[in-house]
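# A structural walkthrough
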Amino acid sequence: FKVSSIGSKRISVMREAFPETPWIFVYREPVQTMMSHLDPAKVNVKRNGRIMAVCTRARHDPPRELYDLVEQKGRRMDELSDQEFCAAHLASLCESALRELNKSNHHGKAVEYDGLIDKLLDDIIPNHFGVAVDEEARQRVLEVSKTYSKAKASARDAGWVEDSEKKESNSTPEIRDASELF
């Protein structure tokens with residue numbers, strides 16, 4: 001099953017409960033992820049000009065590891081732009097996952113988002129999870145992968161559309177710079 005990105009902070013709990021169970025951490029180019037989080041259609045801007053997005057929610061009370069990450073970059077939390085805070089938040093999630101991947105005795109595996117379906121069918125499912133993928137299973141996965149997982153029930157028939165290139169080309173210099181920083 002899929003766990004939301006903030007769940008990467010709790011991979012250790014899953015590993016403790018299921019120490020021999022294989023798992024994957026799917027990561028994506030940070031600019032693409034930030035474009036999803038900072039999409040103007042999904043965020044609100046407060047009177048003070050601050051962006052209210054999933055990746056900026058913790059701005060009023062950031063966790064210690066986020067402070068540490070920001071300080072490692074020679075920055076202070078109170079001087080970060082919303083884009084930089086978002087990038088730092090996302091970087092802290094990836095760093096949490098990386099720590100757990102390094103402790104996982106090869107039960108965990110990092111998988112890049114681009115080409116995910118082919119990677120799942122050709123490598124991850126048969127080799128990492130140890131489940132054979134016959135033609136019937138392959139077709140079921142291909143059919144299910146056409147559904148956009150975050151769509152509301154009424155919009156699920158619209159289907160999923162690859163958007164990585166669009167997100168990259170529509171990104172702002174602020175998002176690209178913040179992504180590079182963190």
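Let me sum up the structure you'll find in this document. None of these values were measured; they are calculated from a predicted model.

Conventions adopted
Residues numbered from 1 in each chain as written. Predicted model: local features only at pLDDT ≥ 70, side-chain atom pairs only at ≥ 80, totals over all residues. Heavy atoms only, no water. Helix = DSSP H or I, 4+ residues; strand = E, 2+ residues; numbered from the N terminus. Buried < 20%, exposed > 50% of the residue type's maximum accessible area, 1.4 Å probe, protein only. Contact = heavy atoms within 4.5 Å. Axes fitted to C-alpha atoms, helices over the stretch in contact; angles between N-to-C directions. Parallel < 35°, antiparallel > 145°, perpendicular 65-115°, else oblique. Left-handed = near helix turned anticlockwise from the far one by under 90°. Nonpolar A, V, L, I, M, F, W, Y, C, P; charged D, E, K, R; others polar. Disulfide = S-S within 2.5 Å. Core = buried A, V, L, I, M, F, W, Y, C linked by side-chain atoms within 4.5 Å.

## Remarks on the overall build of the protein chain
Across its full length, the protein chain holds eight helices and four strands. Each helix and strand of the protein chain, placed in order from N terminus to C terminus, yields the pattern α-β-α-β-β-α-α-β-α-α-α-α. The principal-axis extent of the C-alpha atoms belonging to the protein chain is close to 55 × 40 × 25 Å. Going through the 182 residues of the protein chain one by one, you find that 35% of them count as buried. Restricting the contact set of the protein chain to residue pairs at least 6 apart, pairs at least 24 apart contribute 64%.

## Concerning unusual backbone geometry
Its identity as a non-glycine residue notwithstanding, Asn-105 has a phi of 50°, on the positive side. Mapping Asn-105 onto the fold places it in the loop between helix 4 (82-102) and strand 4 (108-112). A positive phi angle, near 70°, is found at His-106, a position not held by glycine. You can see His-106 is positioned in the loop between helix 4 and strand 4.

## Details of the packing of helix 5 (residues 116-128) against helix 6 (residues 135-144)
Put simply, helix 5 and helix 6 touch, their axes get as near as 11 Å, and they point 160° apart. Taken as axis vectors, helix 5 and helix 6 run roughly antiparallel relative to one another. Considering the relative orientation of helix 5 and helix 6, their crossing is right-handed. Facing Ile-117, Leu-121 and Asp-122 of helix 5, the residues of helix 6 in contact are Arg-138, Val-141 and Leu-142. Tallied by class, the residues present in the contact of helix 5 with helix 6 amount to four nonpolar, no polar and two charged.

## Some remarks on helix 2 (residues 30-37)
Most of helix 2 sits inside the fold, with seven of its eight residues counted as buried. Within helix 2 the residues assigned to the buried category are Val-31, Gln-32, Thr-33, Met-34, Met-35, Ser-36 and His-37. Against helix 4, helix 7 (164-170) and helix 8 (173-181) lie the buried residues of helix 2.

## Let's talk about the state of the cysteines
A complete count under the given rule lists one disulfide for this structure. There is a disulfide in this structure between Cys-55 and Cys-86, and the S-S distance comes to 2.1 Å. Handedness here is read from the sign of the S-S torsion; for Cys-55 and Cys-86, about -105°, the answer is left-handed. Linking Cys-55 in the loop between strand 3 (51-52) and helix 3 (64-72) with Cys-86 in helix 4, this pair joins segments that are 31 residues apart in sequence. We classify Cys-55 as buried; its relative accessible area is 1%. No disulfide involves Cys-94; its sulfur sits 11 Å from that of Cys-86, the nearest cysteine.

## What to know about the nonpolar core
Formed by 23 residues in total, the largest nonpolar core has its most connected members in Met-34, Leu-38 and Phe-182. Broken down by secondary-structure element, the contributors of at least two residues to this core are helix 2, helix 3, helix 4 and helix 8. Not counting residues up to four positions away in its chain, the partners in contact with Leu-38 are Val-43, Ile-51, Ala-53, Cys-55, Gln-83, Cys-86 and Ile-175.

## Things to note about the side chain of Ser-179
In this fold, Ser-179 is placed in helix 8. Ser-179 gets classed as buried once you look at its relative accessible area, which sits at 13%. Filtering out sequence-adjacent residues up to four positions away, Ser-179 remains in contact with Pro-30, Val-31, Met-34 and Ala-87.

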